[in-house]
Amino acid sequence: MKKRRRPVEKPPPRAAPLRPPAGGLRWWHCLWGLAAALVILLEVYQPALRGPFVFDDPYLPFTDPDALERPLKHWIGGVRPLLMASFWLNARLSGMEPYTYHLFNVLLHWVSGFLVFLVVRRLLVYAGTEGASREILAVFAAGVFLLHPVQTESVAYVASRSEALSVMFFSGALALYLWRRREVVSWPVAAGVLLLFGAAVTTKEHTAVLPALLLLTDLFFGGGVAGVRRNWRLYVPVAVGGALALRFVWRVLGHADTAGFKLAEVTWYEYFFTQCRMLWRYLRLFVLPIGQTIDYDVPWSRSLLEHGAVFGLAGLLALAVAAFLLRRRYPLASYGVFAFLLLMAPTSSVAPIVDPIAERRMYLPLLGLPLVAVEFLRRWRIRPVALAAALGGILVLAGALAQQRNRVWGSDVALWEDAVAHAPGKYRPRSQLAFAYFKAGRCAEAERHYEIASRLAAPDYRLYYNWGLAHTCLGRTQDARRQYLAALEDCRRQLERDPNNQAARQIVRLVEERLGLR
């Protein structure tokens, strides 16, 4: 008697990578949501909107009286032309009034938040999440991006507009790619992605990782290697654009004095060892945003064994391995982990930057991190109303913490008092606090903190000049002249090394006016 063959069970068919979202969201939902998000953002960032220019803001091009009289082509002739064009528009609208500069940053952040919503909603479709939960989770992810306290520096700090503007272009390119109508990328979509990619990378160089993120997205949700081959219309021009972007980044790093492989303060491998620790600190800030400051005091790891760098590296390797092994079971979480590591790589891997950690570097990676939470939240068996209430409570808490952080950014005295409290033995926050006191008319306190700063590290031309201003305020003419001359001498040394140092040129002009040399 013949044995009957047991039927082979076929695996369930995979969802079509690009099936359209079913039901739920309507265009007027988006309009109401956008309006509500803008009102909430304006309320959260209100303290910083009325705040002054801080830190490097006074050295941006719009502070130069001569630049205000020059045409647009002068502003956009160098690096980051779109960023400079936005500053040109601000200068034409309000001159040196800080409010519109801050408002532009908030509006850019608002647009990026909507694009994050579109990206996450589409990824939830790919992962098979349907119904009201999909909309709630997409709103939650966008809300985390918009309201997380760690985003404050990128939005409230005018000089960090490069983050907000470049990420808007970056997330726009990703949203366009994910929301294409056909499974195979068309030439118009490829051209649009490439155009937005070019706008992003010429606004800030860390967005050069977009081709790698698109590749990661296809490998996870677009059919794997077959999906990559199918979308050759995108990957061929983007690969060329990526190569040009890397060449552009390399050229920028070669001329930068605060980043690049020629940096005197730290080697590439020392920077890598340090970042093995800092990546965990970024993750902690995402989960528990306490102890924030504009200027962290972090020691370098000069070897793998110094300050626990080896444990940080081991933890990152374990995290990456776990994400790879669990990619099928938890696709959104695994994708979020790899996206975070990928998006942090330009600033937190081997290319040295003078600051080992800065909160603004988390702005772009916050595209990926919320997906880890979304992965587990979508598996939570709970009614949509209860889910919305729970996640809404988290967003209210995030917004409250962000507004509290914005109060610090609303005053340069408060900002640098906070920084000195976190790093009392660091030169830069001490000198910045002294300058904030000077601007507030508290010249005696300013002079005292300049004196402290001068003992913490060798003064530069900025400190000499500002210290001279404090002496002038107190009527100490000879002391002021001595500091002005020291500033002038240091500026000339800096300009010999880098003739394009605009900050040094501006100080030379100011000192010569003070000394009557013009």
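Use the structure listed above.
Residues numbered from 1 in each chain as written. Predicted model: local features only at pLDDT ≥ 70, side-chain atom pairs only at ≥ 80, totals over all residues. Heavy atoms only, no water.

(A) Region of the structure containing unusual backbone geometry. Here the phi dihedral of Phe-55 falls at roughly 55°; this positive angle occurs in a residue that is not glycine. Note on placement: Phe-55 falls in the loop between α2 (46-49) and α3 (72-75). Looking at Phe-55, the relative accessible area reads 12%, which means it is buried. Of note in the backbone geometry, Arg-80 takes a positive phi value of approximately 55° without being a glycine. For Arg-80, the position within the fold is in the loop between α3 and α4 (81-94). (Helix = DSSP H or I, 4+ residues; strand = E, 2+ residues; numbered from the N terminus. Buried < 20%, exposed > 50% of the residue type's maximum accessible area, 1.4 Å probe, protein only.)

(B) Inspection of the packing of helix α8 (residues 161-178) against helix α9 (residues 187-201) at higher detail. Across the interface, α8 lies against α9 with an axial gap of 8 Å and an inter-helix angle of 165°. For the element pair α8 / α9, the angle class is roughly antiparallel. Crossing hand, α8 versus α9: left-handed. Where α8 approaches α9, its residues Ser-166, Phe-169, Phe-170, Gly-172, Ala-173, Leu-176 and Tyr-177 are matched on the opposing element by Val-189, Gly-192, Val-193, Leu-196, Phe-197, Ala-199 and Ala-200. (Axes fitted to C-alpha atoms, helices over the stretch in contact; angles between N-to-C directions. Parallel < 35°, antiparallel > 145°, perpendicular 65-115°, else oblique. Left-handed = near helix turned anticlockwise from the far one by under 90°. Contact = heavy atoms within 4.5 Å.)

(C) Main features of the packing of aromatic side chains. Taken as a whole, this structure holds 23 aromatic pairs when the rule is applied. Geometrically, the ring pair formed by Phe-435 and Phe-438 is stacked, given 6.3 Å between the ring centres and 20° between the ring planes. One end of the pair, Phe-435, and the other, Phe-438, are both in helix α19 (residues 427-439), 3 residues apart, so they sit about a helical turn from each other. In this structure, Arg-180 is placed above the aromatic ring of Tyr-177, and the distance from its NZ or CZ to the ring centre is 4.3 Å. (Phe/Tyr/Trp six-rings, centres within 6.5 Å; stacked < 30°, edge-to-face > 60°. Lys NZ or Arg CZ within 6 Å of the ring centre and 35° of its normal.)

(D) Local environment of the nonpolar core. Formed by 104 residues in total, the largest nonpolar core has its most connected members in Phe-62, Phe-87, Leu-123 and Phe-170. A per-element tally of this core places helix α5 (residues 98-126) first, with 13 residues. Counting residues in hydrophobic clusters, the runner-up holds 25 residues, among them Leu-415, Ala-419, Ala-434 and Phe-435. (Core = buried A, V, L, I, M, F, W, Y, C linked by side-chain atoms within 4.5 Å.)

(E) Layout of the state of the cysteines. Under the counting rule described, the total for this entry stands at 1 disulfide. Here Cys-443 connects covalently by a disulfide to Cys-473, the sulfurs 1.8 Å from one another. Between Cys-443 and Cys-473, the S-S torsion sits near 75°, and that sign places the bridge as right-handed. Placement of Cys-443 in helix α20 (residues 443-456) and of Cys-473 in helix α21 (residues 461-473) is noted, with a sequence separation of 30 residues between them. (Disulfide = S-S within 2.5 Å.)

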